[in-house]
Amino acid sequence: EQKQALEASGLEAECFNILFPKTMNLVDGSTDPAALRAYLEKAMTLIAELNGKIVVFGSGKCRTCPPDLCYIDAYRRLTGEIAARYGITVVIEPLSRKETNLICTMAEGALLQKDVGRENVGLLSDYFHVCANGDAVNDMRIIRDFGHIHIASGNGRRYPLPGDGEAYTDFFSALKAVGYNVRMSIEGKTDDMETDAKAALACLKQWEANAAV
């Protein structure tokens, strides 16, 4: 029914987020590997049936490192999952330290991407999390390789709109400098989606046009 509704809308569901539910943990060993594999098979099948191209690996709670586990051991346990046979790209999302203690900066995400070493595993940059962590926007010019982008106001995680005090131009300039020219998702809150979506889209196009390398 959802697939039929999507087809009737004329829209495409290219990107999915929150890959894992809060009931799973990929780090502390509490989730049975067989259950994890079965969940991933089902999730990837559904995403592929809806013609999804990208799924975001955020899911902060499921990847949080517990106090009694060494950080590097937790890190290594994140590097071996996700098959490429569904034709879907998984992008690693560095998250706010309020959401997880594992993979919080773009540099950490880039290292994890390299350790995974799969063509279908990429890296995401989220403007909201960059702001929340005090991450350096200019690091994007060094990391360079991004598979997807999220954007929302750093103040309240709302739709990006003019006058909200954010330095979006710097963000777009960094993206332009590394040649990023693919998808961007607004992942934020709004009280009036129809109005704010139109305004935000116009702003995003203007910021992109005004971005300097």
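Preceding block: the structure.
Residues numbered from 1 in each chain as written. Predicted model: local features only at pLDDT ≥ 70, side-chain atom pairs only at ≥ 80, totals over all residues. Heavy atoms only, no water.

(A) Structural view of the sheet that holds strand S3 (residues 89-92). Taken together, the six strands give an open sheet; going across it, the order is S1-S2-S3-S4-S5-S6, and neighbouring strands pair in parallel fashion. In this open sheet, the two strands that pair with only one neighbour each are strand S1 (15-16) and strand S6 (185-186). (Pairing = 2+ DSSP bridges. Helix = DSSP H or I, 4+ residues; strand = E, 2+ residues; numbered from the N terminus.)

(B) Representation of the pairing of strand S4 (residues 121-126) in the model. A large share of S4 lies buried, amounting to six of its six residues. The alternating pattern of S4 places Val121, Leu123 and Ser125 on one face and Gly122, Leu124 and Asp126 on the opposite face, and all of these are buried. Across three bridges, S3 lies against S4 in parallel orientation. When the sheet's bridge partners are listed, valine 91 is paired in S4 with glycine 122. Taking the sense of rotation as the criterion, the β-α-β connection linking S3, helix H4 (residues 106-116) and S4 turns out right-handed. The sheet contact formed by S4 and strand S5 (residues 148-151) spans three bridges and is parallel. (Buried < 20%, exposed > 50% of the residue type's maximum accessible area, 1.4 Å probe, protein only. Right-handed = clockwise from strand over helix to strand, strands pointing away.)

(C) Layout of helix H1 (residues 2-9). Counting buried positions along H1 gives zero out of eight residues, so the element sits mostly on the surface. At the C-terminal side of H1, glycine 10 shows a positive phi close to 80°.

(D) Here's a closer look at the nonpolar core. Counting residues in each nonpolar core, the largest one holds 31 residues, and the members touching the most others are Met140, Phe146, Ile151, Phe171 and Phe172. When residues of this core are traced back to their parent elements, those giving at least two are H4, S4, helix H5 (127-133), helix H6 (140-143), S5, helix H7 (168-177) and helix H8 (193-210). Counting residues per element, this core draws most heavily on H7, at five residues. Sequence-distant contacts of phenylalanine 172, defined by excluding residues within four places in its chain, comprise Ile151, Met184, Leu204, Trp207, Glu208 and Ala211. Ranked by size, the runner-up nonpolar core spans 13 residues in total, among them Leu36, Ile47, Val55 and Val90. (Core = buried A, V, L, I, M, F, W, Y, C linked by side-chain atoms within 4.5 Å. Contact = heavy atoms within 4.5 Å.)

(E) Here's a closer look at the pattern of salt bridges. Enumeration according to the criterion identifies six salt bridges in this entry. With its nearest N and O atoms 2.4 Å apart, the salt bridge here joins glutamate 14 to arginine 183. One end of the pair, glutamate 14, is in the loop between H1 and S1; the other, arginine 183, is in the loop between H7 and S6, and 169 residues separate them in sequence. On the basis of relative accessible area, glutamate 14 is assigned to the partly exposed category, the value being 25%. (Salt bridge = Lys/Arg side-chain N within 4 Å of Asp/Glu carboxyl O.)

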